[in-house]
Amino acid sequence: MHRPPLEVADIFHRHGAAWRAAQAGHLSLGQIKVMAAIEACRTAALGGHVEGCEDCGQVRIAYNSCRNRHCPKCQGAAARDWLAARDADLLPVGYFHVVFTLPARMAAIAWHNKAVIYDLLFKAASETMLTIAADPRHLGARIGLTAVLHTWGSAMTHHPHVHMIVPGGGLSLDGERWVACRPGFLLPVRVLSRLFRRLFLSKLADAHAAGHLQFFGDDQGLSDRHAFAAFLAPLRRTNWFVYAKPPFAGPEAVLAYLSRYTHRVAIANSRLISLDERGVTFRCKDYRRNGAERDQVMTLDAGEFIRRFLLHVLPKGFHRIRHYGLLASAGRKANILRARALLAVPEPETDCADTDKAGLAASPDTRPRCPCCGGRMIVLETFARGHYARAPPGTQTP
């Protein structure tokens, strides 16, 4: 398995202990657990196994993964499993990418109230899409959508926004026909923006009145109802950012997009360039620029890099991938079947090679390939956390 020359784990190993000591009392339990998981990921601390190739006899040690959803090394397998489950839901229609973004003025409040604000973002954005799509003046249909929360910009600053993948059409309100959107156009973004703004601010005011929001530091005064109303006033007059990209070129492109976005973390190891006395250097993008100038290189002090990475640790149990409308779990299968029938699309066939003798779907062979000959690796020995393998001479560690 190829290992990048620099990983987030390397930065944590070198600077994490000192940074945690300096920030004692200011870190959440979740942030501490994320750092510990990333530092231990694929090391002897988590145990592992020795595996050998069935064909050429190549032997290597494979350490266990932490499986933390914030770990840059653990999202590939999770994304593949998730995509396999979503493949059957795809319809032969154009798919749109829609983005709902919170104003920068909301960042501090969102940071101290992650579970509440992120949940409101999901609710307001999804309700906006479903409401405008159902309006006969626009699409007049019940649509489905998959929403994914991202909380970072390219430089890992706090930038909460929701990415949505939306089929280009939906079931008519009576469920008797498929209503397709206009070619290359789903819903008017200006209308979406205004309703999104109204719904989010209304839900936010309700959360404040119910005492669900906390305020710290310079924002402590916002606990007062009148001060909070004054804070919201300018937000009611500004334009909120909603962006709709052109449709994807077929279902395969949708899956390719989802594989990049659904399980992404604040920064991928592949973007890291170096770690030295200046700090951490990594690649990022400046979306205010076009062309070659968009690609930038940034260097942050190691402590600031760690702080920014941990900004994006989600509350325990918070679901960052959600489905709405036709794709909501309760009626998803029935809705997909109905949509396929109205589109005159047959159900995807199950490959006979992928079924067992009882006609049940067989589990795919997920054993890793041998780096030497491409054969299948089998487990020879397992070892527990904190122990080391008794591997034969010449064993490789991925």
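Before reading further, recall that the structure is shown in the block above.
Residues numbered from 1 in each chain as written. Predicted model: local features only at pLDDT ≥ 70, side-chain atom pairs only at ≥ 80, totals over all residues. Heavy atoms only, no water.

Asker: Summarise the overall build of the protein chain; cite the residues concerned and give the values.
Answerer: Each helix and strand counted, the protein chain has 10 helices and 14 strands in total. For the protein chain, the C-alpha atoms occupy an extent of roughly 70 × 60 × 45 Å along the three principal directions. A burial count over the protein chain gives 46% of its 398 residues as buried. Within the protein chain, counting contacts between residues at least 6 apart in sequence, those at least 24 apart form 70% of the total. The protein chain carries 51 positive and 33 negative side-chain charges, and their two centres are separated by 5 Å. (Helix = DSSP H or I, 4+ residues; strand = E, 2+ residues; numbered from the N terminus. Buried < 20%, exposed > 50% of the residue type's maximum accessible area, 1.4 Å probe, protein only. Contact = heavy atoms within 4.5 Å. Lys, Arg positive; Asp, Glu negative; His and termini not counted. Charge placed at Lys NZ, Arg CZ, Asp CG, Glu CD.)

Asker: Would you mind going over helix 7 (residues 225-232) in detail, with residue names and values included?
Answerer: Phe228, Phe231 and Leu232 are the residues of helix 7 that are buried. What you see down the axis of helix 7 is that its buried residues fit within an arc of 95°, all on one side. Check the buried side of helix 7 and you find it contacts helix 4 (107-112) and helix 6 (189-209). (Arc of directions from axis to C-beta.)

Asker: I'd like to hear about the pairing of strand 10 (residues 272-276), residue by residue, with values.
Answerer: As defined by bridge partners, strand 10 adjoins strand 11 (residues 279-285) across four bridges and the pair is classed as antiparallel. Counted as the bridge partner of Leu272 is Phe282 from strand 11. Two successive antiparallel strands, strand 10 and strand 11, enclose a turn made up of two residues. (Pairing = 2+ DSSP bridges.)

Asker: Go over the side chain of Asn68 with me, naming the residues and quoting the values.
Answerer: In this fold, Asn68 is placed in the loop between strand 2 (59-63) and helix 3 (75-86). A polar atom in the side chain of Asn68 sits 2.9 Å from the backbone nitrogen of His70. (Polar contact = N/O pair within 3.5 Å; in protein donor to acceptor, adjacent residues only side chain to side chain.)

Asker: Go over the environment of Ala9, please, and point to the residues and values.
Answerer: Along the chain, Ala9 turns up in helix 1 (residues 8-22). Among the residues examined, Ala9 registers a relative accessible area of 7% and is labelled buried. For Ala9 and Lys73, which are 64 residues apart along the polypeptide, the C-alpha to C-alpha distance reads 9.3 Å. Each residue touching Ala9, except ones within four places of it in the same chain, is listed here: Ile38 and Lys73.

Asker: I'd like to hear about the sheet that holds strand 12 (residues 295-300), residue by residue, with values.
Answerer: Overall, antiparallel pairing links the three strands, which are arranged 10-11-12 in an open sheet. Each edge of the sheet is formed by a strand with only one pairing partner; in this case those strands are strand 10 and strand 12. Taken pair by pair, the neighbouring strands of this sheet meet at an average axis angle of 20°, ignoring direction. Pairing between strand 11 and strand 12: six bridges, direction antiparallel. (Axes fitted to C-alpha atoms, helices over the stretch in contact; angles between N-to-C directions.)

Asker: Outline the sheet that holds strand 8 (residues 178-180), supporting the account with residue identities and numerical values.
Answerer: The strands making up a sheet associate through backbone hydrogen bonding, with each pair oriented either parallel or antiparallel. Strand order in the open sheet formed by three strands is 4-7-8, with antiparallel pairing between adjacent strands. Strands at the two margins of the open sheet, each flanked by one partner only, are strand 4 (141-142) and strand 8. Bridge count between strand 4 and strand 7 (residues 169-172): two bridges; the pairing is antiparallel. Bridge pairing links Ala141 to Ser172 in strand 7. Contacts from helix 10 (residues 332-342) reach strand 7 and strand 8 within the one sheet, and its direction differs from that of strand 7 by about 95°.

Asker: An account of the side chain of Ser172 is needed here, citing residue identities and associated values.
Answerer: Checked against the element boundaries, Ser172 lands in strand 7. Assessed through its relative accessible area of 3%, Ser172 is described here as buried. Here Asp174 takes part through its side chain, which lies 2.5 Å from a polar atom of the side chain of Ser172. Non-local contacts of Ser172, meaning those with residues more than four positions away in its chain, are made with Gly140, Arg142, Arg177 and Val179.

Asker: Let's hear about unusual backbone geometry: which residues, and what values?
Answerer: Of note, the phi angle at Arg67 is positive, near 65°, even though the residue is not glycine. Here Arg67 lies in the loop between strand 2 and helix 3. Residue classification places Arg67 among the exposed residues on the basis of a relative accessible area of 76%.

Asker: Could you give an account of the packing of aromatic side chains, with specific residues and numbers?
Answerer: Here the structure, examined in full by the defined rule, presents 12 aromatic pairs. Ring geometry for Phe122 against Phe318: centres 6.2 Å apart, planes inclined by 35°, an arrangement best described as tilted. Taken together, the residues Phe122 in helix 5 (residues 114-134) and Phe318 in the loop between helix 9 (302-310) and strand 13 (321-325) connect sequence positions 196 residues apart. You can call Phe318 buried: its relative accessible area is 8%. (Phe/Tyr/Trp six-rings, centres within 6.5 Å; stacked < 30°, edge-to-face > 60°.)

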